[in-house]
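Understanding the architecture of this molecule
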Amino acid sequence: ICPTTIFASMPNTVPENAAPRAALHVAVGVILGADRKVLLSKRAKNVHQGGLWEFPGGKVASGESVAQALRRELEEELGIRIHLQSISPLIEVAHDYGDRRVLLDVWTIDGFSGEPSGREGQLVEWVALGELGRRDFPAANAPIVQAVQGLN
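Quick look at the structure, then.

Reading guide: rules and limits
- Residues numbered from 1 in each chain as written.
- Predicted model: local features only at pLDDT ≥ 70, side-chain atom pairs only at ≥ 80, totals over all residues.
- Heavy atoms only, no water.
- Pairing = 2+ DSSP bridges.
- Helix = DSSP H or I, 4+ residues; strand = E, 2+ residues; numbered from the N terminus.
- Buried < 20%, exposed > 50% of the residue type's maximum accessible area, 1.4 Å probe, protein only.
- Salt bridge = Lys/Arg side-chain N within 4 Å of Asp/Glu carboxyl O.

**Comments concerning the sheet that holds strand β3 (residues 37-42)**
Reading across the sheet, the three strands line up as β4-β3-β10 and stay open at both edges, with antiparallel pairing between neighbours. The outermost strands of the open sheet, each flanked by one partner alone, are β4 (53-54) and β10 (124-128).

Next comes the structure, spelled out in structure tokens:
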């Protein structure tokens with residue numbers, strides 16, 4: 001599967017002479033369970049887009065590949081170790097929230113070791129693909145939800 005890049009943005013309110021802001025590169029994992037449910041986590045209320053559901057992941061560090069970032073972030077956040085041979089690119093989403101730009105590099109994961117849990121105090125839940133539309137996600141996640149629902 002080749003990833004698709006989706007560009008979504010808010011109206012531009014930045015002055016024309018302002019320096020462009022770099023997008024925050026985020027590795028995102030769509031973790032599929034044996035029953036084809038997807039693992040979601042709830043963002044802490046005190047962070048950007050707090051209180052909303054998300055597909056787990058985190059920032060890609062300098063010099064790190066997306067696969068390395070996924071492995072590190074999911075181990076830190078969920079206590080699982082992904083099997084790198086079981087990941088594949090799904091979609092890339094560039095989104096501008098107005099106060100922050102993100103590039104979401106989204107991969108499906110269908111093999112991992114360990115039992116996922118919210119190691120940072122976040123709520124985690126396995127959700128059926130057909131139920132994703134009933135959850136509140138950050139705006140940048142809308143194309144991801146659509147792509148995931150197409151995995152049926």
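**Overview of the pairing of strand β2 (residues 24-31)**
Burial analysis of β2 places six of its eight residues in the buried class, the great majority of the element. In this structure, β2 lies alongside strand β8 (residues 101-109), joined through eight bridges in parallel fashion. Residue Ile31 lies in a different strand from β8, and its bridge partner there is Ile109. One ladder, built from three bridges, connects β2 with strand β5 (residues 57-59); its direction is antiparallel. Note on β5: the bridge partner recorded for Val26 is Lys59.

**Digging into the pattern of salt bridges**
Within this structure, the stated rule accounts for seven salt bridges. Residue Glu131 is joined to Arg134 by a salt bridge in which the shortest nitrogen-to-oxygen separation is 2.7 Å. The exposed category is assigned to Arg134, whose relative accessible area is 66%. Through salt bridges with shared partners, one network takes in Glu64, Arg72, Glu73 and Glu76.

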